[in-house]
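Coordinate analysis (summary)
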Amino acid sequence: MCRAISLSPNSVLYAIGSRSFEKASRFMLENGFSPETKVYESYEEVLDDPYVDAVYVPLPTTLHVRWAVLAAGKRKHVLLEKPAALNLSELDTILEVCESNGVQFMDATMWMHHPRTAEMRALLSDGQRFGQLKAIHSCFTYKADDDFLCNNIRVKPDLDGLGALGDIGWYCIQAILWAADYDLPQTVTSWHEPELNQAGVILSCGSSLYWKDGRIATFYCSFLTNLTMDLSVLGTKGNLHIHDFAVPFRENVASYYSASQFRVPIMSEHSVANDRPQEALMVGEFASLVVEIEGNGSKPEKKWPEISRKTQKVLDAVRASIEKGFQAVQIVS
């Protein structure tokens, strides 16, 4: 993300905050920051700097509500690492403070800002090429090593208690909602026997989502399975397939596949070039919104907090289904 901020033409990496001045200084040197970059030994100092317009918050999820609320309260625009919060109640607290202070909120789901995503959206919206949506299947997994499974914040209940569901399940859920044009499912049913560590943190899980009109979706996320980032969207006239939906295998071009039994060839590959990596494109879009608000008096873009809130709502339902013995959990729109 530091590289992304530097690559974005409308943002400046102005300051870094840490609990340790020595740690922050070492990080700055190792990553080749400008010597003009300020180093603060507390998060409060970053938020108190009047020249800081926006903050990227990559802290453990348990700290999101505290620091995102403090940032928004000091009129700093908030780019928040996902999962956005531990639950919808915490996220709503963050969003309410952002809205009341007129600051932009965005969660850091990078693939949403890649030009491939817009091109795929056009395919799904084309009734002649894709038809009606019927099913969605997403999968994000990677095989974590022993050190990760013992020591990473993503497996610690007091830091990132949502585990794999929060870290990579967030991507799967948001991809499903994106494919469904953000129409929330009616019910969510988690799959039996999710894998947990000794502290009860999810290491792998899956779920099925159902809509009233018969559409279905499934997802699987895991820290225990070889790397997979697949998304398949099935329609009555065509299909969409992606093998690297969360992070493209190549930085400057990304591919997807469209398929239809009514066309020749049945399967076609499409490549979409981009001039900057998707994380830099995300930073650029976020910074553009901040410029519009601060320079032109525009209102914050509501699209991004609404997407985060719907993602969190489904994530909460998945967790509730697990806790209720894999019962179907209804989602209230």
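Rules used in this analysis
- Residues numbered from 1 in each chain as written.
- Predicted model: local features only at pLDDT ≥ 70, side-chain atom pairs only at ≥ 80, totals over all residues.
- Heavy atoms only, no water.
- UniProt positions renumbered as here; feature names shortened; annotations may be inferred.
- Axes fitted to C-alpha atoms, helices over the stretch in contact; angles between N-to-C directions.
- Helix = DSSP H or I, 4+ residues; strand = E, 2+ residues; numbered from the N terminus.
- Parallel < 35°, antiparallel > 145°, perpendicular 65-115°, else oblique.
- Left-handed = near helix turned anticlockwise from the far one by under 90°.
- Contact = heavy atoms within 4.5 Å.
- Nonpolar A, V, L, I, M, F, W, Y, C, P; charged D, E, K, R; others polar.
- Buried < 20%, exposed > 50% of the residue type's maximum accessible area, 1.4 Å probe, protein only.
- Polar contact = N/O pair within 3.5 Å; in protein donor to acceptor, adjacent residues only side chain to side chain.

As recorded in an unreviewed UniProt entry, the chain goes by the name Oxidoreductase family protein, listed as coming from Actinidia rufa. What the UniProt record of the chain gives under Sequence similarities (unreviewed entry) is the line "Belongs to the Gfo/Idh/MocA family."

**Things to note about the packing of helix H5 (residues 88–100) against helix H11 (residues 303–323)**
Where H5 contacts H11, the two axes come as close as 9 Å, and the packing angle between them is 165°. By the angle class used here, H5 and H11 are roughly antiparallel. As H5 runs across H11, the sense of the crossing is left-handed. Residue-level contacts link Leu88, Leu91, Asp92 and Leu95 of H5 to Pro305, Ser308, Arg309, Gln312, Lys313 and Asp316 of H11. For the contact of H5 with H11, the class distribution of residues is four nonpolar, two polar and four charged.

**Some thoughts on helix H9 (residues 169–179)**
An α-helix turns once per 3.6 residues; consequently, residues spaced three or four apart project the same way. Counted residue by residue, H9 has eleven buried out of eleven residues, so it is predominantly covered. Listing the buried residues of H9 in full gives Gly169, Trp170, Tyr171, Cys172, Ile173, Gln174, Ala175, Ile176, Leu177, Trp178 and Ala179. Taken from the residues just after H9, Asp181 is the one with a positive phi, measuring 55°.

**Some details on the side chain of Arg215**
The topology assignment puts Arg215 in the loop between strand S9 (202–210) and strand S10 (216–222). At 2.9 Å, the side chain of Arg215 forms a polar contact with the side chain of Asp213. The residues contacting Arg215, other than those within four sequence positions of it, are Leu133, Lys134, Ala180, Asp183, Leu209 and Tyr210.

**Topic: the UniProt feature "domain: GFO/IDH/MocA-like oxidoreductase" (unreviewed entry) in the chain**
Annotation from UniProt places "domain: GFO/IDH/MocA-like oxidoreductase" (unreviewed entry) at residues 119–240. Taken end to end, residues 119–240 is 23% helix and 39% strand, and its first and last C-alpha atoms sit 11 Å apart.

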